[in-house]
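# Summary of the model geometry
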Amino acid sequence: MTRGRPFLVLALLLLAGAAAALFTGPARIAPAAVLRALAGEADEATVAIVRGLRLPRLVAAALVGASLSVSGAVFQALLRNPLAEPYLLGVSSGAALGAVLAILAGLGGTGVVALPLAALAGGLGAIAIVFAVSRVADRLDTHVLILSGVVVSAFFGATITLLLTFAPERALRSAFFWTLGSLAGISWDGIALLAAWSIPGCAAAWSLGRALDALALGEETAASVGTEVERVKRVAFLLASLLAAATVSVAGVIGFVGLVVPHAVRLLWGGAHRTLIPLAFLGGAAALVLADTAARAAGGPVEIPIGVVTAFLGVPFFLLLLRRRSAP
Amino acid sequence: MSFELTSVTVRYSRSARPALTDISHRFAPGTHTAILGPNGAGKSTLLRVLLGTVRPESGRVTAGGQPVTAVPRRRFAREVAFVSDREEISFPIGVREYVALGRYPHVGPLAPLRARDEGVVEASLETFDLARLASRRVADLSAGERQRARLARALAQEPGHLLLDEPTAHLDPGHQVETLERIAELTAKTNLTIVHVTHDVNLASRFADRFVLLAGGRLRAAGPAGDVLRRDRLEEAFGCAFHVTNLDGLGRVAVPTGRRPRGGVA
């Protein structure tokens with residue numbers, strides 16, 4: 001039947017995005033030269049641009065997009081809320097606080113390790129607080145989860161505002177760009193770290209499969225068809241949060257991918273998580289690769305923050321989809 | 001396998017009055033037991049104690065001699081199916097996929113359904129007249145169709161026990177009878193044990209063969225219709241007057257006739 005078609009569509013989209021990411025850029029390089037450079041057979045400058053800049057950026061965009069999208073899909077199932085997204089429960093504001101502290105401490109410039117580690121620590125801190133608050137008598141209460149996530153987010157947000165009120169101009173600007181997300185300057189080391197977590201993380205999310213389907217019927221019915229509800233909720237929360245934290249620590253806060261892509265996949269092809277999670281993975285990768293390419297191309301010499309592009313592309317597409325689907 | 005409760009007391013919070021107090025009862029295999037009682041009597045709590053989703057403060061709840069909370073959920077779900085009155089559907093799901101969730105305890109979270117599982121799903125859809133609705137979305141079904149879909153999902157688990165919480169609550173009389181007749185047919189065919197929470201005394205009387213009467217969290221009577229569906233017992237439990245009579249071929253019929261039990265205290 002048409003079972004494989006969504007995969008084909010998204011794979012082609014990812015392929016098109018990858019081609020655009022590799023073949024376009026401020027440096028004009030002929031397609032044939034790009035292919036030669038990928039094989040390492042061009043002059044040093046071309047190889048440096050293609051293999052040192054465009055390729056890692058493409059891979060990073062794909063990994064970050066895929067992780068955010070899978071994270072969003074899992075959060076939506078866990079919280080039984082189609083508006084849930086990876087940053088809802090405070091991961092991003094925790095990470096932002098960590099990053100801002102690192103920037104203020106003067107660690108922003110060294111870039112390579114300090115900033116991502118500080119962001120990761122902030123994200124993990126937020127996860128730990130929200131998890132601890134929402135766990136009552138060995139149960140994870142998803143209503144408390146949403147509320148405590150939102151409240152913790154607001155508190156971290158206020159802390160960031162306070163810190164930035166007294167921050168020097170330079171720190172302000174770098175914090176601003178960080179909160180809009182960027183895939184510029186990601187190293188292969190950063191990509192390896194992200195991949196080492198996000199690929200097994202997404203696979204683990206996939207393995208929850210039918211348990212997430214069952215959870216959509218409410219915890220009681222889910223338990224009655226054989227789901228270990230509390231275990232599944234704990235695993236789902238930790239997996240989705242850690243996926244989000246990992247992406248934020250390397251690429252900053254990139255909105256909309258984790259909300260729009262899994263939701264669009266649900267609307268277009270239905271909800272069974274055994275297929276939804278892999279589709280969200282492919283779709284998220286394709287979406288962010290395309291958005292990043294657009295961010296690099298649209299602004300000329302100035303690169304538009306990728307969070308702006310994901311919002312500009314994601315929102316109209318999403319509204320269109322909503323209208324089409326709700327029409328009789 | 002059979003369910004047995006021994007001196008079960010349930011309290012939802014430390015300060016609250018117990019939802020169930022000192023309940024002991026054994027549900028015999030192959031019987032259809034109706035749990036009757038007024039609102040707040042503890043009927044739904046009793047069902048959830050059997051399911052292991054509500055833990056008693058004291059007492060023992062066993063299924064086949066094993067404490068229900070000690071049985072891994074998937075193994076438990078191969079033996080016991082449950083139709084809740086509080087089910088929600090958060091995301092669009094097709095009727096066939098919904099019924100196929102009943103195969104979860106047999107196939108696990110990730111493996112595809114085997115031919116046999118597909119067969120059980122189709123048979124279950126067939127039994128509840130859902131075959132032609134199989135590709136519709138559950139959210140688009142009528143209340144009666146949706147109730148049939150829930151039962152089809154539960155029966156796709158191929159359970160030995162079926163626990164029902166108010167399965168006829170939002171149905172008109174025709175659909176009420178239809179639902180319970182289908183369950184009765186299944187019981188006759190498969191020796192299913194049924195525990196059925198309801199406050200409809202007459203439907204219970206028509207379809208069940210054992211009765212448990214609860215009020216205020218206590219067991220007021222248990223046994224066959226003659227021991228439980230008596231005027232004095234019903235009036236005491238429900239706090240209103242009843243006219244109880246035997247109708248040919250229908251068994252006992254209890255009609256509420258007034259706010260105050262006759263001879264009761266004001």
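Before any of the text, the structure's been laid out above.
Here's what I pulled together on the structure shown here. Note that this is a predicted model, so its numbers are computed, not measured.

Secondary structure summary: chain B contains ten helices and twelve strands in total. Taking 2.2 N^0.38 as the reference for a compact globule, 266 residues should give roughly 18 Å; the C-alpha atoms of chain B span a radius of gyration of 19 Å, in line with that estimate. If one aligns the C-alpha atoms of chain B with their principal axes, the spans along those axes are about 60 × 40 × 35 Å. The buried share among the 266 residues of chain B stands at 42%. Within chain B, contacts between residues at least 6 apart in sequence are counted, and of these 63% link residues at least 24 apart.

All names here are of chain B. The N-to-C vectors of helix α5 (residues 115–127) and helix α6 (residues 143–156) enclose an angle of 145°; their axes lie 9 Å apart at closest approach. Crossing of α5 against α6: the hand is right-handed. Between α5 and α6, the contacting residues are Val 120, Val 121, Ser 124, Leu 125 and Thr 127 on the first element and Ala 152, Leu 155 and Ala 156 on the second. Its residues assigned to classes, the contact of α5 with α6 shows six nonpolar, two polar and no charged.

This part takes up the sheet that holds strand β6 (residues 80–83) of chain B. Residue and element names in this part refer to chain B. Taken in spatial order, the six strands make up an open sheet running β6-β7-β8-β3-β9-β10, and their pairing is mixed. The outermost strands of the open sheet, each flanked by one partner alone, are β6 and β10 (218–223). Taken pair by pair, the neighbouring strands of this sheet meet at an average axis angle of 15°, ignoring direction. Sheet topology places β6 next to strand β7 (residues 161–165); four bridges connect them, and they run parallel. Directly across from Ala 81, in β7, lies its bridge partner Leu 162. Against the sheet, helix α10 (residues 231–238) touches β9 (210–215) and β10, its axis set at about 155° to β10.

Time to look at the sheet that holds strand β4 (residues 58–63) of chain B. All names here are of chain B. Spatial strand order, β2-β1-β4-β5: four strands in an open sheet with antiparallel pairing. Since the sheet does not close on itself, it has two edges, and those belong to β2 (20–27) and β5 (66–67), each with one partner. In terms of strand pairing, β4 meets β5 through two bridges, oriented antiparallel. Note that in β5 the partner of Ala 63 across the bridge is Gln 66.

Residues and elements named next belong to chain A. Relative to the helices and strands, Ala 20 resides in helix α1 (residues 5–23). Given 18 C-beta atoms within 10 Å, Ala 20 falls into the partly exposed group. Between the alpha carbons of Ala 20 and Val 152 there is a distance of 39 Å; along the sequence they are 132 residues apart.

Further remarks concern the interface of chain B and chain A. The partner chain A presents 24 residues to the 25 residues of chain B that form the contact. The residue inventory of the side of chain B that touches chain A, partitioned by class, reads 13 nonpolar, six polar and six charged.

All names here are of chain B. Of all the six residues making up β9, six are buried; the element is thus mostly covered by neighbouring parts of the structure. A two-sided burial pattern is seen for β9, the buried positions comprising Arg 210, Val 212 and Leu 214 on one face and Phe 211, Leu 213 and Ala 215 on the other. In this structure, strand β3 (residues 32–36) lies alongside β9, joined through four bridges in parallel fashion. Opposite Leu 36, over in β9, you have Leu 213 as the bridge partner. Sheet topology places β9 next to β10; five bridges connect them, and they run antiparallel. Across the sheet, Leu 213 pairs through a bridge with Ala 221, a residue of β10.

Moving on, we come to helix α7 (residues 169–180) of chain A. In this model, α7(A) (twelve residues) spans 17 Å end to end at C-alpha, consistent with the 16 Å of a helix rising 1.5 Å per residue. Two residues or fewer after α7(A) comes Gly181(A), characterised by a positive phi angle close to 80°.

With that settled, the discussion passes to the nonpolar core. Note that soluble globular proteins tend to have their nonpolar side chains buried in a common cluster. The biggest cluster of nonpolar side chains holds 179 residues, and the ones touching the most others in it are Val70(A), Val74(A), Ala99(A), Val289(A) and Leu50(B). If near-sequence neighbours (up to four positions away) are discounted, Ala99(A) is found in contact with Leu115(A), Ala118(A), Ala119(A), Gly122(A) and Trp178(A).

In this section: the pairing of β3(B). Regular strands have side chains that alternate between both faces of the sheet. Residues and elements named next belong to chain B. Across the five residues that make up β3, a large majority, five, are buried. Residue alternation in β3 divides its side chains into two sets, His 32, Ala 34 and Leu 36 and Thr 33 and Ile 35, and both sets are buried. Direction of pairing for β3 relative to strand β8 (residues 193–197): parallel, over a ladder of four bridges. Looking at β8, one finds that Thr 33 is bridged to Val 195.

What follows concerns unusual backbone geometry. In terms of backbone geometry, most residues other than glycine have negative phi values and most peptide bonds are trans. All names here are of chain B. Of note, Ser 7 is a non-glycine position whose phi angle comes to about 50°, a positive value. Take Ser 7: it is sitting in strand β1 (residues 3–10). A count of 12 C-beta atoms within 10 Å places Ser 7 in the exposed class. Phi angles above zero are rare outside glycine, and Asp 22 is one such case at about 50°.

Rules behind the numbers
Residues numbered from 1 in each chain as written. Chains lettered and ligands numbered in written order. Predicted model: local features only at pLDDT ≥ 70, side-chain atom pairs only at ≥ 80, totals over all residues. Helix = DSSP H or I, 4+ residues; strand = E, 2+ residues; numbered from the N terminus. Rg over C-alpha atoms; globule rule 2.2 N^0.38 Å. Buried ≥ 20, exposed ≤ 12 C-beta atoms within 10 Å, placed from the backbone. Contact = placed C-beta atoms within 7 Å. Axes fitted to C-alpha atoms, helices over the stretch in contact; angles between N-to-C directions. Left-handed = near helix turned anticlockwise from the far one by under 90°. Nonpolar A, V, L, I, M, F, W, Y, C, P; charged D, E, K, R; others polar. Pairing = 2+ DSSP bridges. Expected span 1.5 Å × (residues − 1). Core = buried A, V, L, I, M, F, W, Y, C linked by C-beta atoms within 7 Å.

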